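# Remarks on the overall topology
For reference, the chains in residue letters:
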Amino acid sequence: MPLALLALAVGAFGIGTTEFVIMGLLPEVADDLHVSIPTAGHLVSAYALGVVIGAPLLAAVTARLSRRTVLIGLMALFVAGNALSALAANYDYLLAARFLSGLPHGAFFGVGAVVATTMVAPERKARSVSLMFLGLTVANVVGVPAATLMGQHLGWRATFLAVSAIGLVAIASLALLIPHDHAHAPAVGLRRELAALKSLPVWLALGTTVAGFGALFSAYSYITPMLTDAAGFADGSVTLLLALFGVGATAGNLVGGRLADHSLRATLFGGLVSLAGVLALFPLLMTTEWSAALAVVLLGVAAFVTGSPLQLMVMEKASAGPSLASSANQAAFNLANAGGAWIGGLALAAGFGATSPALAGAVLAVLGLGVAGTAWGVDRRRGVPRSGRERLVATHVPDQAKALHP
């Protein structure tokens, strides 16, 4: 695997840290800016809105630029958003800065995934994507707890300054390690990127992402009350348990990347089946502390086994113009975040019990299986090979990869 993937992972680490750390700093932010905690919670929504809007928009407007330049520019925007967050004079300014910070998120992962796959041989594409996403999952194990601790002791502004510093390291890494344009496939232009989005298989792949990760967030959004009310953990134990989720997600991401290089569709189906099974067992697993801790790890593994296969499938279905579709998949991921949390909340509000969001998630995972099965049927009718694998980049790319990494 090329060292350049490390640069993408560093950027992903910074993005993952800034996305999730705000959740642990809401009390400090609310107190400092004299707003209520529910009002401060809108900072989470502002970031997610920035991701959903920025992912397709920035991928579209930068379609004719070199992908290396785009990645550096997106990370510069990320640094600016976090620096402005640290310097925000009041809540409204912080809200706007959080929206700005979210804008490059989806496009960075989308374009980064395309660049990652063009630097390796075809049989290593999924692993290359999983190594980029490794930065995101490690952020949940190391970055978010460390940044939260920093914010609690040095002030929340220090956290965003530290994240800005991570972004600067990412920019330097991208500039030093990502090959120049001759080393990977050229940008294809906005017209071809938009044309690729007209494909039914692309939308079915995006729908699988929404349903599959909606299943995760239906449960994960309410994991704290499950652990405290159902399993009996003390509030102070939750942070460690969430780190266990990050460990599971990291393992699932790496395993999913390796398995998907052997069989993309089988890995996707297997991951969704596993996710549905784990979520269906949550009412049983949340009855004791040891089994609840196991459930948290298994949830991370099962959910993130599907991450790389879904990202790669979207790009392959939009092989004529993968950057926009790849970025749109990140927007779909954030829609899954919002939609899954909403559906899980409905289950709780209906009085079905603390673990009911997990059961709602199991239903969403089955729905994701149905969408993935429909996509498989469409491919069969169109004569796509059983493996579902298609060429993502021009045939000369593997030779370039060999030249870069003999």
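Here the residue index of a chain counts from 1 through its sequence in written order. At least 70 in pLDDT is required for a residue's local features to be given in this predicted model, at least 80 for side-chain atom pairs to be given and counted, and no such filter applies to totals for whole chains, interfaces and linings, which use all residues. Each side-chain value is derived from all of the structure's non-hydrogen atoms; neither hydrogens nor water enter the calculation.

Note on conventions: DSSP H or I runs of at least 4 residues are helices, E runs of at least 2 residues are strands, and numbering of each starts at the N terminus. Scanning the protein from N- to C-terminus turns up 18 helices and 0 strands. When the backbone C-alpha atoms are referred to their principal axes, the protein occupies close to 55 × 45 × 35 Å. Each residue is placed in one exposure class: buried if its accessible area under a 1.4 Å probe, protein chains only, is under 20% of its type's maximum, exposed if it is over 50%, and partly exposed if it falls in between. Within the span of the protein, comprising 406 residues, buried residues form 57% of the whole. It only takes one pair of heavy atoms within 4.5 Å for two residues to be counted as in contact. The long-range fraction of contacts in the protein, counting pairs at least 24 apart against all pairs at least 6 apart in sequence, stands at 85%. In short, Shrake-Rupley with a 1.4 Å probe defines the accessible areas, and a residue's cover is counted only from the protein chains shown. Accessible surface for the protein amounts to roughly 15,600 Å². Of this, 70% is attributable to carbon and sulfur atoms. Charged side chains in the protein number 21 positive and 16 negative. The centres of these two groups are separated by 17 Å. None of His or the chain ends enter the tally, which takes Lys and Arg as positive and Asp and Glu as negative. In this description, the location of a charge corresponds to atom NZ of lysine, CZ of arginine, CG of aspartate or CD of glutamate.

Only protein atoms enter the 1 Å grid, on which a cavity is a set of points fitting a 1.4 Å probe that cannot get out and a pocket is an open set with protein on both sides within 12 Å along at least 5 of 7 lines, lining residues being those with an atom within 4 Å of a point. Grid points are joined across faces, edges and corners, and a volume is the space filled by probe spheres set on the points. Considered as a void within the structure, the largest pocket measures approximately 1,000 Å³ in volume. In this structure, the largest pocket is lined by 33 residues; those nearest its centre are Phe20, Met23, Gly24, Tyr220 and Leu242. All amino acids are sorted into three groups, where Ala, Val, Leu, Ile, Met, Phe, Trp, Tyr, Cys and Pro are nonpolar, Asp, Glu, Lys and Arg are charged, and the leftover types, Gly among them, are polar. Considering only residue class, the lining of the largest pocket consists of 20 nonpolar, 11 polar and 2 charged.

Moving on, we get to the nonpolar core. Among buried residues, the Ala, Val, Leu, Ile, Met, Phe, Trp, Tyr and Cys ones that are joined through side-chain atoms within 4.5 Å form a nonpolar core. The biggest cluster of nonpolar side chains holds 95 residues, and the ones touching the most others in it are Leu8, Leu216, Phe282 and Met286. Look past the residues within four positions of Leu8 in its chain and what remains in contact with it is Leu71, Phe108, Gly112, Ala116, Met132, Leu174 and Ile178. Grouped together as the second largest cluster of nonpolar side chains are 16 residues, Val21, Leu26, Ala88 and Leu94 included.

Throughout, an axis means a line fitted to C-alpha atoms (over the contacting stretch in the case of helices), and angles, computed between N-to-C directions, take values from 0 to 180 degrees. Where helix H9 (residues 200–220) meets helix H12 (residues 264–280), the closest approach of the two axes is 11 Å, and the angle between their N-to-C directions is 25°. When the axes of H9 and H12 are compared, the pair comes out roughly parallel. For the pair H9 and H12, the sense of crossing is left-handed. Contacts between H9 and H12 involve Thr208, Gly212, Ala215, Leu216 and Ala219 from the first element and Leu268, Leu272, Leu275 and Leu279 from the second. A breakdown of the residues in the contact of H9 with H12 according to their chemical character gives 7 nonpolar, 2 polar and no charged. The scheme is simple: roughly parallel for angles under 35 degrees, roughly antiparallel for over 145, roughly perpendicular for 65 to 115, oblique for anything else. Left-handed describes a crossing whose near helix is turned anticlockwise from the far helix through less than a right angle; right-handed describes the clockwise counterpart.

In this section: the environment of Leu268. For Leu268, the position within the fold is in helix H12. Under the relative-accessibility criterion, Leu268 is labelled buried at 1%. Sequence separation between Leu268 and Leu369 is 101 residues; the distance between their C-alpha atoms is 8.7 Å.

Right, let's talk about the pattern of salt bridges for a bit. In what follows, salt bridge is the name for a side-chain nitrogen of Lys or Arg lying within 4 Å of a carboxyl oxygen of Asp or Glu. Tallying each qualifying case throughout the model produces 4 salt bridges. Asp261 is the partner of Arg127 in a salt bridge, and the nearest nitrogen-oxygen pair spans 2.9 Å. Taken together, the residues span a long stretch of sequence, with Arg127 in helix H6 (residues 125–154) and Asp261 in helix H11 (residues 238–262) at a distance of 134 residues. Like Arg127, the residue Asp261 is buried in the burial classification. Notably, a salt bridge pairs Arg265 with Asp379, separated by 2.5 Å at the nearest N-O pair. With Arg265 in helix H12 and Asp379 in helix H17 (residues 356–381), this pair connects stretches of sequence that are 114 residues apart.

This part is about the packing of aromatic side chains. The criterion for an aromatic pair is that two Phe, Tyr or Trp rings (for Trp, the six-membered ring) have centres within 6.5 Å, with stacked assigned to planes under 30 degrees apart, edge-to-face to planes over 60 apart and tilted to the rest. A complete count under the given rule lists 8 aromatic pairs for this structure. Taking the centre distance of 4.3 Å and the plane angle of 25° together, the rings of Tyr220 and Phe245 count as stacked. In this pair, Tyr220 is assigned in helix H9 and Phe245 in helix H11, connecting sequence segments 25 residues apart. In this structure Tyr220 comes out as buried when scored by relative accessible area, which is 17%. Three or more aromatic residues link up through ring pairs in this structure, and these residues are Phe213, Phe217, Tyr220, Phe245, Phe304 and Phe333.

Known as pLDDT, the predictor's per-residue confidence is scaled from 0 to 100. In the predicted model, the protein carries a mean pLDDT of 84, and the fraction of residues at 70 or more is 91%. Counting contacts from residues 387–406, a segment whose pLDDT is below 50, to residues more than four positions away or on other chains yields 41 contacts.

The N-to-C vectors of H11 and helix H14 (residues 289–305) enclose an angle of 35°; their axes lie 7 Å apart at closest approach. For the crossing formed where H11 meets H14, the hand is right-handed. Taken together, the residues of H14 that come into contact with H11 (itself represented by Leu241, Leu244, Phe245, Gly248, Ala249, Ala251, Gly252, Asn253 and Gly256) are Ala293, Val296, Val297, Leu299, Gly300, Val301, Phe304 and Val305. By residue class, the composition of the contact of H11 with H14 is 12 nonpolar, 5 polar and no charged.

What follows is about unusual backbone geometry. Most peptide bonds take the trans configuration, and most residues that are not glycine carry a negative phi. Even without being a glycine, His34 presents a positive backbone phi close to 60°. Assignment of secondary structure puts His34 in the loop between helix H1 (4–33) and helix H2 (37–40). For His34, a relative accessible area of 74% puts it in the exposed group.

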